[in-house]
Each structure stands twice: as C-alpha cells, then as structure tokens.
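# Structural description and commentary
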Amino acid sequence: MPASMTGYGRCETREDNWSHVWEIRSVNGRFLDVKWRIPNSLRSLEAGWEKQVRKHASRGRVDIFLNMELLRADLLDVTLNKPLAEAMIDQLQGLAEKRGASFEPDLNKIFGMSSLWRDNNSEPDEGLARSLSEGLEGALRDWIGARRGEGEIMARDIKERLVFLRDVAQKIGERVPVVLEEKKAGLEQRIREMLDKVGADLNEDRMLQEVAYLTDKLDVSEELTRLAAHLDRLDEVVLSDKEVGKKLDFLIQETFREINTCGNKAQDTEVSRLVVDFKAELEKCREQVQNIE
C-alpha cells in the first residue's frame, strides 16, 4: 500500500546521563523539504540525520523537533566568560561607590545572562550522539507506521470510488449509442423537411455522408476505451508499495481529459449529467492522491 505524506512520529529515550524526545510531523508537498529544530551544539550531526530521513521519504514538508536534557555538567561543554563577568561586577560596584550606595551583586541574575556563557562547539559525546541517532530512528519508524496506516485508508477509499467511476463510465457507454440513433433520426427528419419545402429530391449518398459526419463527430468509443484503461491502471498503481503519488496524479489528469472530451462530444443532457457525476467523484480521488507520497 502507498504511504501518506501526512504523519506523526515520536520516540522518547531516558538514560542515566541524558534524556531526549524526538518528534516528527509531516504534511504534503511536491518535494522533500526537511526542517530541523535541534540545539546548535548538535548541528554537526544534522547531515547524517538528514540521510536517515531521506531513506524513508521522497516528498512532503517534514518538521523534526528534538527536546534534549543533559544530566551531566561536562556534557554541556559550556564555559563562563569570567573576564566579562568580573568586568560587569566591577563596573556596577564602581557606580554604587560613586553614588554612595551599598552594593551586593545578584549573581543569579547576572549569570542568567546568555552572553556570559560560551559554547565551545566541540563534537558531541559519542554515546550521546549514538543515543540520539537511535532515538531518531525510533521516531522515524513510528512516523512511517502512521503514514502507512493513513495511506492504506486512502488507497481503500480510492478503490471504492473507482468502482463508482466504472459504473458511471459504463452508463455513458450505454447511453451514447442511443444518443447517436436519436441524432441520426433527427438529422434525417430535418433534411427531409427542408427538401420538402423546396421541392427537391432526396440524395441518398449525400444523406449517408451527413449521417457519417454526425456519427464521427459524436462517437466517443475511443475516449471510453482510454477511460477504462486509465481506471484499470489507477486500480493497479494504488496497490503498489512504491512511491506512486506523482504517477496517480498524472493518471487522474489523463482521466479528466478523456471524460471532458466525452461530455463535449456527446451533446446530450443525460450524458452531461453522468459526466458531472464522474468528475465530482474523480475530484475526490484527486484530493486523496494529493496526499500520497
């Protein structure tokens, strides 16, 4: 079964020195667009993680979030900018003495300033990096399962709609010969009435030419044959496990083309009604296909 481009996956990991939660959310899109929401200290691992994701997806907008908590101070690999902190305190103390005020620095507030801390930009701990990659893989498995489940539901829905489309196409095929006979009879009647008015004789060869021209103009047998072939192909492709979204979208475009031609050529109210029913149902199929990878 095909996979949906819409899905959600999550994986939570708790160990002695750290805990982290991966979340993956995706929606439909023409191309694969992966957006990462991870700490800057882990950007060096992003390229490898990107390859992990691209093994499992080819289309869609994918947002990946990492919430990480480190429980060992040395894993943070950040240092206090002591010269800057001391300079700030000295400046504040000098200002207080100048104004004759007592001064007791509030270190909690001062050290809460992000500008006093420096990230050393070293490579993440190997054990942490391995744990994060495993957690990402777990979130990807959960995400793939959700997409497969939704893809199966959409595939079943499309197959049910294809049954309806075949039934409508069959009714059009049954109606067209009736329309042709009605149009032929009407044409012959009009020609005879016109000739009677002017007192001219009926030319059978000319009559046959006009009828043949009308038949060719109204005949949609080729369109119906191609329409049936497209529906069969849709039924076949929608069951594939491969990336079929673009192929299904193309087949639906071609199906629309054929049914439009049928409606334009038939010139019949009943056929027009059936064509509208067909197109309305086919549009619902297209809405589903827009979300299939």
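The structure under discussion appears in the preceding block.
Let me begin by describing the structure that accompanies this report. It should be emphasised that the depicted structure is a prediction, and the values quoted were computed from it without experimental measurement. (Residues numbered from 1 in each chain as written. Predicted model: local features only at pLDDT ≥ 70, side-chain atom pairs only at ≥ 80, totals over all residues. Heavy atoms only, no water.)

### Remarks on the overall build of the protein chain
- Counting secondary structure elements, the protein chain contains 9 helices and 6 strands.
- Residues classed as buried in the protein chain amount to 37% of the 293 residues present.
- The contacts of the protein chain with a sequence gap of at least 6 include a subset with a gap of at least 24, amounting to 79%.
- Working note: accessible area of the protein chain is about 17,500 Å², and carbon and sulfur atoms make up 49% of it. (Helix = DSSP H or I, 4+ residues; strand = E, 2+ residues; numbered from the N terminus. Buried < 20%, exposed > 50% of the residue type's maximum accessible area, 1.4 Å probe, protein only. Contact = heavy atoms within 4.5 Å. Areas by Shrake-Rupley, 256 points an atom, 1.4 Å probe, with all protein chains shown as cover.)

### Details of the pairing of strand β4 (residues 60-70)
- Relative to β4, strand β2 (residues 18-27) runs antiparallel, the two sharing 10 bridges. If you follow S19 over to β4, its bridge partner there is E69.
- For the handedness criterion, the β-α-β arrangement of strand β3 (residues 32-37), helix α1 (residues 46-54) and β4 is classed as left-handed. (Pairing = 2+ DSSP bridges. Right-handed = clockwise from strand over helix to strand, strands pointing away.)

### Brief notes about the sheet that holds β4
- Judged by pairing direction, the sheet is mixed, and its 4 strands sit side by side in the order β1-β2-β4-β3 without closing on themselves. Strand pairing shows two members of the sheet lacking a second neighbour, β1 (7-14) and β3, which therefore form its edges. Strand after strand, the sheet turns through a mean of 10° between neighbouring axes, direction not considered.
- Pairing between β3 and β4: 6 bridges, direction parallel. Bridge pairing in β4 links K35 to D63.
- Across the face of the sheet, α1 comes into contact with β2, β3 and β4 while running at roughly 135° to β3. (Axes fitted to C-alpha atoms, helices over the stretch in contact; angles between N-to-C directions.)

### A look at the nonpolar core
- Core analysis: the biggest nonpolar cluster contains 34 residues, and I172, L248 and F278 have the highest contact counts within it.
- Breaking this core down by element, the ones donating at least two residues are α5 (126-198), α7 (221-237), α8 (245-266) and α9 (269-289).
- For this core, the element with the most residues is α5, which contributes 11 residues.
- Among all residues touching I172, those that are not within four sequence positions of it are L224, I259, V271, L274 and V275. (Core = buried A, V, L, I, M, F, W, Y, C linked by side-chain atoms within 4.5 Å.)

### Concerning the side chain of N291
- Along the polypeptide, N291 turns up in the segment after α9.
- At 3.1 Å, the side chain of N291 forms a polar contact with the side chain of S4.
- The contact partners of N291, leaving out residues within four places of it in the chain, are A3, S4, M5, T6, N28, E150 and M154. (Polar contact = N/O pair within 3.5 Å; in protein donor to acceptor, adjacent residues only side chain to side chain.)

### Some thoughts on the pattern of salt bridges
- Per the counting criterion, the structure on display carries 26 salt bridges.
- Between R156 and E152 there is a salt bridge, with the nearest N and O atoms lying 3.2 Å from each other. With R156 and E152 both in helix α5 and 4 residues apart, the pair spans about one turn of that helix.
- A salt bridge links E270 to R273; the nearest nitrogen and oxygen atoms lie 2.7 Å apart. Residue E270 and its partner R273 are located together in helix α9, separated by 3 residues, close to a single helical turn.
- Taking the relative accessible area as the measure of exposure, E270 reaches 31% and is therefore partly exposed.
- Connected through shared salt-bridge partners, D157, R161, E281 and K284 make up one network. (Salt bridge = Lys/Arg side-chain N within 4 Å of Asp/Glu carboxyl O.)

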